[in-house]
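Now for the letters of each chain:
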Amino acid sequence: TDYPSSATGSDAPSASSSSAAPGLDALHQSATTGTLIIVTEEATPLDDWLDSLDPTSPAANSAAISWGLYNIVEALVFLHTQAKLAHGMICPRAIFVTPGGDFKLGGFDLITPIGIEDGGGGPTPHFRTYEAATCPDEYRSPERVGQRYDVLQQSAPIHSIDCYSLAVLIEYIYAHPNAGTNGKVPAPLQKALLRMKNESPKLRPRLGPLLKCPVFDNPYVMAQLFLDEVTAKPAEEKIMFLQSLPDILNRGVLSEDVAVHKILPLLILSINGVAGSESAMAQDVNRREILAIVPLLFQIAESFLTKKPELFQRHITPLVPILFGVKDRGVRGAVLQKISLLESQLDNASVNTHVFEPMCSGFSDSSAALRELTLKSTIVLVPKLHHANLEKLVRYLVRLQSDQEASIRTNTVIFIGKVAPNLSEISRQKLILPAFTRSMKDPFTPCRLSALRAVIACKEYFTQKEISEKVLPCIVPHLLDHASDVRNEAFKVVDALLVGLREESQRIGKDEAERITAASCGINQTGNAANNPLGSSGIAAAPASGSYLSGISSWMTSASQPTEDMTAPSSNPLPTSYNGMSTKAPAAKPGPAAPKFSSLTLSDAHIGGASKVH
């Protein structure tokens, strides 16, 4: 609404004044002249819509056209019976198609009353002046072409000129190559069109009865009609219709455009209005409505929105926290069954905040079925969980290993085997081996069997020392398990682990041999460097090699010599014997015999810089 710029203060009209239009009271009205803005829903001109139809789907195209014509007839019936006006410009340029497949009537340039009986006395001067230039000639009735407006004013019914134009429009639409009827008007409409194009305005039929034509009696039109009236339908009928829609979509009765642009907005409206309210969900009829909506919502999302991620983010993502917040096991179960869809479409932050945290309540639910479904559903979320949530998940898994349901305990150990690669090293050390050990003691045979298989799946996370000292001692008793499947699996696990242990043993032996060889080389080098092990000072020289055996041999030589020999001068070299290397003993006074060592190991010597063997 525009107001003169001079209207200020108390002179400006008030939004609450009696002249304000109904429904506009809440609008902020200012005392300035503004721009008139007309807002309409998105729509496509009829000709463009016909060109966009898929020529390989004639049946679907024909059904969509029948629904569009039904919309136009309904609009004209309202205009004639309620508004007492004639449209005057029914032609392709006045028809627009919404993304949901609805035909909308536009082009009200020539709207006018007709006939004395309707109190209008029309056509109006505006109609008489501009109708020839505005409406294409083929859509103008004979009396309009001949400018016999007196006939319209005196005796023509209000629907006469639109009835004629509509008949021509129907022929035009069905003549399009994409209409799916081979360019022919459907047989049920042919006789009706002949009557609608009667030369006499008085003999043209009213349009209301045309809505009962068999051409409009098809599943597509019936479904569209129910969608238009669903908010006014009884609750039970609405629930039954929602439950039938998945099958209707699967059979291709309704198109993708209808599903995304008509059905989906209705579902979102219901979820926001009902599922978001605890008091509303307390009513059984509302709970059953949401139970019917959730599978349909995810079917539409999976079939049509995954191809357009921006639509998924816009329509589905905001509903996830609302659905997880519903305290109903049926709704929670329906959402969990589609958790893989959510994981594939949501980012990491949304998965952690809006999906994982709310669903954790299912781990401790009193319903065993929901606990198990929660466990199975969580596996797809693990790659996107951050560290804190992974630690939280580990705690739930430990708790579930003591669940009273055997199937949950079994699935838990399977879950642990699959989730192990995603855990940190510390979490793995704390979780997997104790978990497998606990499950191997479970009285439920499939649980023990799953634990054995999980050991093989996770063997890379155990050191060979852990396998020999901790893992194998837990497995070996099951070689004589009372269940044959467990025995067979235990033998397979033991055989597989022994392969690694043999390789580790061979590696240790090879490393030991290399060390002994290196030590022997060091001893030989020391003996060749000096025949006299004592230096010029008369004290035994330090070993040339850093090996522990060289150090030991030097210790043996010096320890075996008497003290007096160390100080008495002699012209002969000092005798000694070690490691197979001998010299002559002193002739004057032999010292005490050197100790004999048949085999000297690292643990015996405690010297020489020994390293731990793994």
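Calculation notes
- Residues numbered from 1 in each chain as written.
- Predicted model: local features only at pLDDT ≥ 70, side-chain atom pairs only at ≥ 80, totals over all residues.
- Heavy atoms only, no water.
- Helix = DSSP H or I, 4+ residues; strand = E, 2+ residues; numbered from the N terminus.
- Buried < 20%, exposed > 50% of the residue type's maximum accessible area, 1.4 Å probe, protein only.
- Contact = heavy atoms within 4.5 Å.
- Core = buried A, V, L, I, M, F, W, Y, C linked by side-chain atoms within 4.5 Å.
- Salt bridge = Lys/Arg side-chain N within 4 Å of Asp/Glu carboxyl O.
- Phe/Tyr/Trp six-rings, centres within 6.5 Å; stacked < 30°, edge-to-face > 60°.

Summarising the element assignment, Phe 304 is placed in helix H12 (residues 284-305). Given a relative accessible area of 15%, Phe 304 falls into the buried group. Look past the residues within four positions of Phe 304 in its chain and what remains in contact with it is Glu 256, Ala 259 and Val 260.

Now for the nonpolar core. Core analysis: the largest hydrophobic core is formed by 153 residues, its most contacted members being Leu 166, Leu 254, Ile 263, Phe 436 and Ile 475. Examining the composition of this core, we find that 11 residues originate from one element, H12, more than from any other. In this structure, Phe 436 is in contact with Val 413, Ile 416, Gly 417, Ala 451, Ala 454, Val 455, Cys 458 and Phe 462, ignoring residues within four places of it in sequence.

Summed over all chains, the structure comprises 28 salt bridges. With its nearest N and O atoms 2.9 Å apart, the salt bridge here joins Arg 251 to Asp 247. You can call Arg 251 exposed: its relative accessible area is 54%. A salt bridge links Asp 442 to Arg 409; its shortest N-O distance comes to 2.6 Å. One end of the pair, Asp 442, is in the loop between helix H21 (425-440) and helix H22 (445-457); the other, Arg 409, is in helix H20 (residues 406-419), with 33 residues separating them in the sequence.

For the structure shown, the criterion picks out 6 aromatic pairs. Measuring from ring centre to ring centre gives 4.2 Å for Phe 226 and Phe 241, while their planes differ by 25°; the resulting arrangement is stacked. Of this pair, Phe 226 sits in helix H8 (residues 219-229) while Phe 241 sits in helix H9 (residues 235-250), and the two are 15 residues apart along the sequence. With a relative accessible area of 9%, Phe 241 lands in the buried category. Grouped by ring-pair contacts, the aromatic residues Trp 67, Tyr 70 and Phe 216 constitute a single cluster.

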